Amino acid sequence: MRFRGDRTAPGAPGIDPRWSHGDKVGVGTSYSADSKVWFTLWRGILTECYYPTIDRPQLRDFEFLVADGAGLFHEERRHLEIEVRPLASTALGYHVVGRDPDGRYSIEKEILTAPHLPVVLQHVQFHRSERGDPLRLYLLAAPHLDGGGAGNNGFVVQMPGRELLAAEHNGIWLAIGASVPFEHLSAGYVGRSDLWTDLEAHHRMTWEYDVAPAGNVALGAELDLPASGTFTVALAFGHGLPHAVAALLPALATPFDALRQRFLEQWARAAKKGPSLVRRGGDRGALYRTSTSLLLAHEDKTFPGAFIASTAIPWGNSKGDEDRGGYHLVWTRDLCEIAGGLQASGHIESALRTLVYLATTQQPDGGFAQNFWLNGDPYWSGMQLDEVALPILLADRLDRAGALEQFDPYPAVLAAARFLIEQGPATGQERWEETSGFSPSTLAAHIAALIAAARFTRERGAASTARFLEEYADFLEQNLERWTVTRCGTLLPGVTTHYVRILPADPLDPHAPEDLDAATLLLTNQPPGMGPVPAASVVDCGVLELVRYGIRRADDPIILSTLEVIDATLKVETPAGPVWRRYNGDGYGEKPDGTAYAGWGKGRGWPLLTGERGTYELAAGRDATPYLRTLERLSAPAGLLSEQVWDEPDLPRLHLVRGGPTGSARPLLWAHAEYVKLLRSAHDHQPFDRVPEVYERYAATSHRVRLLDGVWKRNRQPQRISRGGRLRIIGPERFRLHWSMNDWATSEDTESNATGLGLEFLDLDIPAKAAGPLVFTFFWSARGTWEGQDYRVQLAEPAA
């Protein structure tokens, strides 16, 4: 095996990697809705296009071109009418037919991956019409190896009896071959010397270059077709060219029908697990099967339990190499949602692998990075408390199901619980990763996780630590309305009391104001010049998480009034059914004219919020079926749920159809997991994510114990507390509190109490007639040192 010749392609390094073939006007050419479906399937679902790990996409384009040498030049995804259907109801393999609108030819393909090999196969039949047009078929591939388009190297490779196309970047190799000979082969630079540019200019292949080093390259070949027009093309990956070719050739040597049968059998085995949820769907289980298969396929093959959020890059046609992350990273939130969907569908061992993986990527302080590569290296650096709470809830759910086997999550649970108490209650970012403060959805996960952690500790005999966790959770629960409910709402006439999206607060500011109706919120993803808005004027569907976990009843009066505001403000009807936007003023979506999001835009409807609403309706004792049906219709035709759907009038020029996908991520695994969990909730007649101890402690009773009136700790230092109340002081290590309630006229010393979390605390009961103020300082017992600073808390009369 050797590289062919030394004819180097001109035009290095090629045009900007953001540009696709044929983008002559600007970045991000629009393709038909059907071809977008096919292209998503090709680049995304067939996850062997991510090698060696699922967080590393390797390919931008892989398609066929057709030309006649005279005037016709067609690009498969741009010019053909595409029809897609699955090879089987349980498998992520697809049958794709592309038809020339003028009837001159069609390209029929079956796409799947070779079992146990890093190889993607296309079994192709090229049908010519009886008119006998002199059509030639070409193959085009644009490698983006190791997740980037720049710096790739393209080659033509010779070996006995055949020639191959190959590319390399950062030690990762790609090799392409076929069951029929390549008549001509070339490696060139995109937009300069590649096959697409050659065919556009000449309508036949006139350039043959042997190598295209260090650029945005494309590989091209003309196929020597048999009379039947039937052949198989394979694309393989490896660490080194011999590694890639060693996978490629066995796949081509095995009859395609045999590989197809083995592929379908393996997927069918995976579909047999779990409760029978198929009949709950209105599509004969089609979306359920596709969803579970998608969830399984997004697990990395080298890091067990590591699932990425999606193989997609939102608005990827407008992105360059500088945006290396996309959604092919691990988000703890999405990971736990995926694990929940897998557990709900009976794939409990996959959910357990996820929990074990989370324990290996937990940071030393008990937290988790906002998102990270498969090896745990952080990508973004935000602090999101729900991403620390959700692994505790996953551990709790698996434990209650008796599914932990020999794995003990207790140390990880304790570490995460400590992080929640030390770093909360304000989060650095809420679940939409944009704003810091007191978020209903984050607080819901936070409270539920602490109660779940308390169950773990009590079962291990640590009753005092369990009480400490429960009492802190109770403090958060009793302040929910104070932090996140406005009594001055203006969004819906006649409804003034409702939950809001967030009370903005800096979690690092110990004296951050907690006055919702005076707070302003600076929305992100806005066009230049947009200023802050009143925080009380922005609502979010995330409030329903309070019902999901069991913190509030579905018929709670403030929940009901909030839903009135949400439906009047965020609900949008589509031909498929209702969808909800994230919050009013959301700027994460296409711009108003439908062009791609580029730092600002307008948020559209999210299918996963339809699933969350279905869970709420089920908790309220109503039928979740309409919401399941909406999700099924939104996923058509290929069974893919997108991050957002277009919810405004059709824009045919941009192929944006009301109720159809936008340029956002597709598929979004969180949405598919939400669908599966909703099916399971309907099967069980209660929310799958409900935590029984949370529901019994809060939603099921109106008589809640109010033990703590205030909590003082490093990152939250209240300025006042009511006389007759109780103040809990929490420290990171053992301490003695030196304190006075009469400005040091007299003083006392109190030793802290230990917990199993490594935190220490004590409670001060404020006498009803205490003069005040409360003044205190710390003596750090283990170090034998004083704090060197006094802290003051004013005493106030109890609220009427």
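Placed above this text is the structure.
Residues numbered from 1 in each chain as written. Predicted model: local features only at pLDDT ≥ 70, side-chain atom pairs only at ≥ 80, totals over all residues. Heavy atoms only, no water.

Draft legend 1. Broad picture of the overall build of the protein. Helix and strand content of the protein: 19 helices and 35 strands. Here the C-alpha atoms of the protein give a radius of gyration of 29 Å, agreeing with the 28 Å that 2.2 N^0.38 yields for 800 residues. For the protein, the spread of C-alpha atoms along the three principal axes comes to 100 × 55 × 55 Å. Counting only residues that meet the buried cut, the protein has 62% of its 800 residues in that class. In the protein, the proportion of contacts linking residues at least 24 apart, taken out of those at least 6 apart, comes to 70%. Per element, the accessible surface of the protein, about 28600 Å² overall, is 51% carbon and sulfur. In the protein, 80 side chains carry a positive charge and 99 a negative one; their mean positions are 3 Å apart. (Helix = DSSP H or I, 4+ residues; strand = E, 2+ residues; numbered from the N terminus. Rg over C-alpha atoms; globule rule 2.2 N^0.38 Å. Buried < 20%, exposed > 50% of the residue type's maximum accessible area, 1.4 Å probe, protein only. Contact = heavy atoms within 4.5 Å. Areas by Shrake-Rupley, 256 points an atom, 1.4 Å probe, with all protein chains shown as cover. Lys, Arg positive; Asp, Glu negative; His and termini not counted. Charge placed at Lys NZ, Arg CZ, Asp CG, Glu CD.)

Draft legend 2. Structural view of the sheet that holds strand β8 (residues 136-143). What the 5 strands build is an open sheet, ordered β3-β2-β8-β14-β12; its pairing is antiparallel. Sheet topology places β3 (73-75) and β12 (182-189) at the edges, where each strand pairs with a single neighbour. Within this sheet the neighbouring strands show an average axis-to-axis angle of 20°, counted without direction. Relative to β3, strand β2 (residues 59-67) is paired through 3 bridges, and the arrangement is antiparallel. Bridging from a neighbouring strand, Val 66 pairs with His 74 of β3. Helix α3 (residues 195-202) rests against β2, β3, β8 and β14 (217-223) of the sheet, and its axis sits at about 140° to β8. (Pairing = 2+ DSSP bridges. Axes fitted to C-alpha atoms, helices over the stretch in contact; angles between N-to-C directions.)

Draft legend 3. Examining the side chain of Glu 471 more closely. Tracing the sequence through the fold places Glu 471 in helix α12 (residues 463-478). A residue is classified by how much of its surface remains accessible, and Glu 471, at 17% relative accessible area, is buried. Glu 471 has contacts with Leu 707, Leu 708 and Arg 728, leaving out every residue within four places of it along the chain.

Draft legend 4. Spotlight on empty space enclosed by the protein. Following the criterion strictly, the structure yields 8 cavities of 30 Å³ or more and no others. Space inside the largest cavity adds up to approximately 130 Å³. Taken together, Cys 336, Glu 337, Leu 390, Leu 393, Leu 394, Arg 397, Arg 400, Arg 548, Tyr 549, Lys 677, Asp 689 and Val 691 form the lining of the largest cavity. At the level of secondary structure, the elements contributing two or more residues to the lining of the largest cavity comprise α7 (332-344), α9 (385-400) and α14 (545-549). Take the lining of the largest cavity: its biggest share by element is 5 residues, from α9. Looking at side-chain class alone, the lining of the largest cavity contains 6 nonpolar, no polar and 6 charged residues. One number sums up the size of the second largest cavity: a volume of about 100 Å³. (1 Å grid on protein atoms, 1.4 Å probe; cavity = no way out; pocket = protein on both sides within 12 Å on 5 of 7 lines; lining within 4 Å. Points joined across faces, edges and corners; volume = space filled by probe spheres on them. Nonpolar A, V, L, I, M, F, W, Y, C, P; charged D, E, K, R; others polar.)

Draft legend 5. The arrangement of helix α17 (residues 625-634) in detail. Three or more residues of α17 are buried, namely Tyr 627, Leu 628, Thr 630, Leu 631, Glu 632 and Leu 634. Considering only its buried residues, α17 is in contact with α6 (286-297), β24 (571-574), β25 (577-580), α16 (607-619) and α18 (669-684).

Draft legend 6. Spatial organisation of the nonpolar core. With 222 residues, the main nonpolar core has Ile 176 and Leu 223 as its most contacted residues. The element contributing the most residues to this core is helix α11 (residues 440-459), with 12 residues. (Core = buried A, V, L, I, M, F, W, Y, C linked by side-chain atoms within 4.5 Å.)

Draft legend 7. Spotlight on the packing of α9 against helix α10 (residues 410-423). Packing of α9 against α10 leaves a shortest axis separation of 9 Å and a crossing angle of 150°. In terms of their interaxial angle, α9 and α10 are classed as roughly antiparallel. Note on packing geometry: the crossing formed by α9 with α10 is left-handed. Counting all contacts with α9, which are made through Leu 385, Val 388, Ala 389, Ile 392 and Ala 395, the residues of α10 involved are Val 413, Ala 416, Ala 417, Phe 419, Leu 420 and Gln 423. When its residues are assigned to classes, the contact of α9 with α10 shows 10 nonpolar, 1 polar and no charged. (Parallel < 35°, antiparallel > 145°, perpendicular 65-115°, else oblique. Left-handed = near helix turned anticlockwise from the far one by under 90°.)

Draft legend 8. Expanded view of the sheet that holds strand β28 (residues 726-731). In spatial order, the strands read β26-β28-β32-β31; together these 4 strands make up an open sheet with mixed pairing. Edge strands, defined here as strands with exactly one partner in the open sheet, are β26 (710-712) and β31 (753-754). Across the sheet, α12 is in contact with β26, β28 and β32 (760-765); its angle to β28 comes to roughly 120°.

Draft legend 9. Fine view of the packing of aromatic side chains. Here the structure, examined in full by the defined rule, presents 32 aromatic pairs. With 4.9 Å between their ring centres and 75° between their planes, Tyr 588 and Tyr 597 make a pair best called edge-to-face. Taken individually, Tyr 588 and Tyr 597 each receive the classification buried, so the pair is uniform in this respect. Each member of the aromatic cluster is reached from another via a ring pair, and the members are Trp 712, Phe 735, Phe 776, Phe 778, Trp 780 and Tyr 791. For Arg 455, the ring lying beneath its charged end belongs to Phe 456, and the centroid distance is 5.1 Å. For Arg 501, the ring lying beneath its charged end belongs to Tyr 583, and the centroid distance is 3.8 Å. (Phe/Tyr/Trp six-rings, centres within 6.5 Å; stacked < 30°, edge-to-face > 60°. Lys NZ or Arg CZ within 6 Å of the ring centre and 35° of its normal.)

Draft legend 10. Spotlight on the environment of Met 205. By secondary structure assignment, the location of Met 205 is in the loop between α3 and β13 (211-215). The sequence separation of Met 205 and Tyr 138 amounts to 67 residues, and the corresponding C-alpha distance is 8.7 Å.

Draft legend 11. Up close: the environment of Gly 599. Assignment of secondary structure puts Gly 599 in the loop between β25 and α16. Spatially, the C-alpha atom of Gly 599 lies 8.0 Å from that of Pro 527, the residues being 72 residues apart in sequence. Gly 599 has contacts with Asn 525 and Gln 526, leaving out every residue within four places of it along the chain.

Draft legend 12. The arrangement of the pairing of strand β10 (residues 162-169) in detail. Most of β10 is tucked away, with 6 of its 8 residues classed as buried. With 7 bridges joining them, strand β9 (residues 152-159) and β10 adopt antiparallel strand pairing. Counted as the bridge partner of Phe 155 is Ala 166 from β10. In sequence, β9 turns back onto β10 through a hairpin of 2 residues, with Gly 161 there showing a positive phi of about 85°.

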